Amino acid sequence: MSATTLPTPVVHHEGRIGLRGNLRHIGALVRRNLLWIRQDPESMFDAVLMPIVFCLLFVFVFGGSIAGKGHQHEYVNYVVPGLMAMMGMNIAIGVGTGFNQDFQTGVMDRFRSLPIARFSVLVAKIAVEIGRMLVAVAVLLTVGFILGLSVSNVPGLFAAVGLAMVFGFGIMWIFLTMGVVMKNAQAIQAMGVLVLMPLQFGSSIFAPTDTMPGWLQAFTDYNPLSSLADAARGLMNGGQPVGHDVLVTLVWSVVLTAVMAPIAIHKFRTKS
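The shown structure was predicted, so the numbers you read here are calculated from the model rather than taken from an experiment.

We now examine the packing of helix 4 (residues 72-104) against helix 6 (residues 118-146). Between helix 4 and helix 6, whose axes approach to 9 Å, the crossing angle comes to 150°. For the element pair helix 4 / helix 6, the angle class is roughly antiparallel. Our pair here, helix 4 against helix 6, has a crossing hand that is right-handed. Counted together, V76, V80, L83, M84, M87, G88, I91, V95, G98 and F99 of helix 4 and V121, L122, K125, E129, R132, M133, A136, V137, L140, L141 and G144 of helix 6 form the full contact between these two elements.

Shown next, in the form of structure tokens:
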């Protein structure tokens, strides 16, 4: 019998690929992820149905209690910008679980055997998830307008959407890291809910914080979701200064990206 010829190991030189090559790889991986969504349209259910369910639920369950019976339409202007802040957090959980499932099926092992930059795999994943987040925000705003949402500053609306995207970008790096280091998607989802629920309800997303006890108000003051929600309301309809809240949101986004992106890339490179 002839000796079996082993394949020559692939040696990666990510630094020599060049910008054009990296962009081409990211584009190919984005296309791959979009084709996967096309083959599995159920993966878009959270981005399409979650904004509808949350908007209707909070407007008609809590709207009367907060804004007064028969004045739910006024609560729409309060809660919809807050829900925009929440969309990125919930979509981010799907980033981690989907990434982990790709590891379990061996897809990521195949990617890591190719002569491509490691970060291109992660950036392509986030790019597609940002697109899903845009779909979720578009659905949310559509439902909001049907329920009576008013926007007095259209450029401010686009600025609020952009701010939500920037913050969602930073949060997604956390869950990408979790997708690499945690054993299964169920653990990521459980950890995500455990962390995100206090952040979401301990904020100004659903209700003003002035009726909360002092210790909880102190928590909401440092909660980036409160800053993002308040900034979105101010940008869309004015009535309050937004400079501080916008700055806090951007600082959180930059810090999260600067800290978690290198960790996620390193863990992806070294995962056995």
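If you walk through the whole model with that rule in mind, you get one cavity of 30 Å³ or more. Put simply, the largest cavity is a space of about 50 Å³. Lining the largest cavity are L29, R32, N33, F99, D102, M108, F111, V121, A124 and K125. Taken together, the elements giving at least two residues each to the lining of the largest cavity come down to helix 1 (19-39), helix 4, helix 5 (107-112) and helix 6. Within the lining of the largest cavity, the residues separate by chemical class into six nonpolar, one polar and three charged.

Let us look at the layout of surface pockets. Taken as a whole, the largest pocket holds about 710 Å³ of empty space. Around the largest pocket sit 25 residues that line it, and S43, G94, T97, G98 and Q101 are the ones nearest its centre. For the lining of the largest pocket, the secondary-structure elements that each account for two or more residues are helix 1, helix 2 (45-61), helix 4, helix 6 and helix 8 (185-201). By volume, the second largest pocket is sized at about 230 Å³. Along the walls of the second largest pocket sit 17 residues, with M89, I171, I174, V195 and L199 positioned nearest its centre. Of the residues assigned to the lining of the second largest pocket, the class counts are 15 nonpolar, two polar and no charged.

Our next topic: helix 6. Taking 1.5 Å per residue as the helical rise, helix 6 with its 29 residues ought to reach 42 Å, and the 43 Å between its terminal C-alpha atoms agrees with that figure. Looking one or two residues beyond helix 6, the residue adopting positive phi is G148, at roughly 110°.

All right, on to the environment of V166 then. Structurally, V166 can be placed in helix 7 (residues 154-181). A residue is classified by how much of its surface remains accessible, and V166, at 37% relative accessible area, is partly exposed. Residues V166 and T249, spaced 83 residues apart in sequence, show a C-alpha to C-alpha distance of 8.7 Å. Setting aside its immediate chain neighbours within four residues, V166 contacts L250 and S253.

Enumeration over the complete set of coordinates arrives at six aromatic pairs. Measuring from ring centre to ring centre gives 6.2 Å for Y75 and Y78, while their planes differ by 20°; the resulting arrangement is stacked. Of this pair, Y75 and Y78 both sit in helix 4, three residues apart, roughly one helical turn. By relative accessible area, Y75 is classed as buried at 2%. Seen in terms of ring centroids, F169 and W173 are 6.0 Å apart; in terms of plane orientation they differ by 85°. Their pairing is edge-to-face. Of this pair, F169 and W173 both sit in helix 7, four residues apart, which is roughly one turn of that helix. A relative accessible area of 33% places F169 in the partly exposed class. You can call W173 buried: its relative accessible area is 4%. Taken together, the ring pairs connect F54, F58, F201 and F206 into an aromatic cluster. For R233, the ring lying beneath its charged end belongs to Y78, and the centroid distance is 3.6 Å.

Next up on the list: a nonpolar patch on the surface. A cluster of nonpolar side chains, F45, V48, L49, V53, L57, V61, F62, I66 and V135, forms an exposed patch at the surface whose accessible area comes to about 720 Å². Broken down by element, the residue count for the nonpolar patch peaks at six residues, all from helix 2. As for its placement among the helices and strands, L49 is situated in helix 2. With relative accessibility at 45%, the residue L49 sits in the partly exposed group.

Criteria and thresholds
Residues numbered from 1 in each chain as written. Predicted model: local features only at pLDDT ≥ 70, side-chain atom pairs only at ≥ 80, totals over all residues. Heavy atoms only, no water. Axes fitted to C-alpha atoms, helices over the stretch in contact; angles between N-to-C directions. Helix = DSSP H or I, 4+ residues; strand = E, 2+ residues; numbered from the N terminus. Parallel < 35°, antiparallel > 145°, perpendicular 65-115°, else oblique. Left-handed = near helix turned anticlockwise from the far one by under 90°. Contact = heavy atoms within 4.5 Å. 1 Å grid on protein atoms, 1.4 Å probe; cavity = no way out; pocket = protein on both sides within 12 Å on 5 of 7 lines; lining within 4 Å. Points joined across faces, edges and corners; volume = space filled by probe spheres on them. Nonpolar A, V, L, I, M, F, W, Y, C, P; charged D, E, K, R; others polar. Expected span 1.5 Å × (residues − 1). Buried < 20%, exposed > 50% of the residue type's maximum accessible area, 1.4 Å probe, protein only. Phe/Tyr/Trp six-rings, centres within 6.5 Å; stacked < 30°, edge-to-face > 60°. Lys NZ or Arg CZ within 6 Å of the ring centre and 35° of its normal. Patch = residues over 30% accessible without salt bridge, like charges linked within 9 Å, V, L, I, M, F, W, Y side chains within 5 Å. Areas by Shrake-Rupley, 256 points an atom, 1.4 Å probe, with all protein chains shown as cover. Salt bridge = Lys/Arg side-chain N within 4 Å of Asp/Glu carboxyl O.

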